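Residue strings, one per chain:
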Amino acid sequence: QVQLVESGGGLVQAGGSLRHSCAASGRTFSSDAMGWFRQAPGKERESVAAITWSGGNTYYADSVKGRFTISRDNAKNTVYLQMNSLKPEDTAIYYCAAAQVFSHHDAHYDYWGQGTQVTVSS
């Protein structure tokens, strides 16, 4: 059974940092692109960041550029999202996902994590 299990969400004050992890199991994801998405209450799900299988290419939404960093460790089948300088508008449920192509469109992603809540207080 393929699973993406996330950890690292929580409550943080504005300006603080959090680090998300997403561990894959069931098969190796070393050849997949990985992405992070988020969905705030009453809003559509949006792409936050994506990374190619090698880690050589990344994508960031304009709203998180310079503050968030996506990385991966294929030996551990894990992808990370380091979130710095958090803002209240970053409050959302964050999801990791795996795709066979490098993309920031959620339709391209085949496997999804369960989601973890991030709440940023002002």
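Coordinates for the structure precede this section.
Residues numbered from 1 in each chain as written. Predicted model: local features only at pLDDT ≥ 70, side-chain atom pairs only at ≥ 80, totals over all residues. Heavy atoms only, no water.

A. Local environment of the pattern of salt bridges. In the structure shown here, the tally under the stated rule is five salt bridges. With a closest N to O distance of 2.6 Å, Arg38 and Glu46 form a salt bridge. Its relative accessible area of 6% is what places Arg38 among the buried residues. Asp62 is the salt-bridge partner of Lys65, the closest N and O atoms lying 3.1 Å from each other. The same class applies to Lys65 as to Asp62, namely exposed. A network of salt bridges, in which partner residues are shared, links Arg38, Glu46, Arg67 and Asp90. (Salt bridge = Lys/Arg side-chain N within 4 Å of Asp/Glu carboxyl O. Buried < 20%, exposed > 50% of the residue type's maximum accessible area, 1.4 Å probe, protein only.)

B. Focus on the environment of Gly35. Tracing the sequence through the fold places Gly35 in strand E4 (residues 33-39). Its relative accessible area of 0% is what places Gly35 among the buried residues. Along the backbone, Gly35 and Tyr95 are 60 residues apart, and their C-alpha atoms lie at a distance of 8.2 Å. In this view, Gly35 contacts Ala49, Ala50, Tyr95, Cys96, Ala97 and Tyr109; residues no more than four positions away in its chain are not counted. (Helix = DSSP H or I, 4+ residues; strand = E, 2+ residues; numbered from the N terminus. Contact = heavy atoms within 4.5 Å.)

C. Fine view of the sheet that holds strand E1 (residues 3-7). Taken in spatial order, the four strands of this open sheet run E1-E3-E8-E7, and their pairing is antiparallel. What marks the edges here is a single partner per strand, and that holds for E1 and strand E7 (68-73). Put simply, the sheet's adjacent strands are angled 15 degrees from each other on average, direction ignored. In this sheet, strand E8 (residues 78-83) lies alongside strand E3 (residues 18-25) in antiparallel orientation, the contact comprising six bridges. Among the inter-strand pairings, Leu18 is bridged to a residue of E8, identified as Met83. (Pairing = 2+ DSSP bridges. Axes fitted to C-alpha atoms, helices over the stretch in contact; angles between N-to-C directions.)

D. Up close: the packing of aromatic side chains. This structure, assessed with the given rule, holds five aromatic pairs. Each ring, one from Phe29 and one from Tyr111, has its centre 5.7 Å from the other, and the planes form 90 degrees; the classification is edge-to-face. Highlighted residues: Phe29 in the loop between E3 and E4 and Tyr111 in strand E10 (residues 109-112), separated in sequence by 82 residues. Among the residues examined, Phe29 registers a relative accessible area of 2% and is labelled buried. With a centroid separation of 5.0 Å and 80 degrees between ring planes, the pair formed by Phe37 and Tyr109 is classed as edge-to-face. Of the two residues, Phe37 sits in strand E4 while Tyr109 sits in strand E10, which places them 72 residues apart along the sequence. For Phe37, a relative accessible area of 2% translates into the label buried. (Phe/Tyr/Trp six-rings, centres within 6.5 Å; stacked < 30°, edge-to-face > 60°.)

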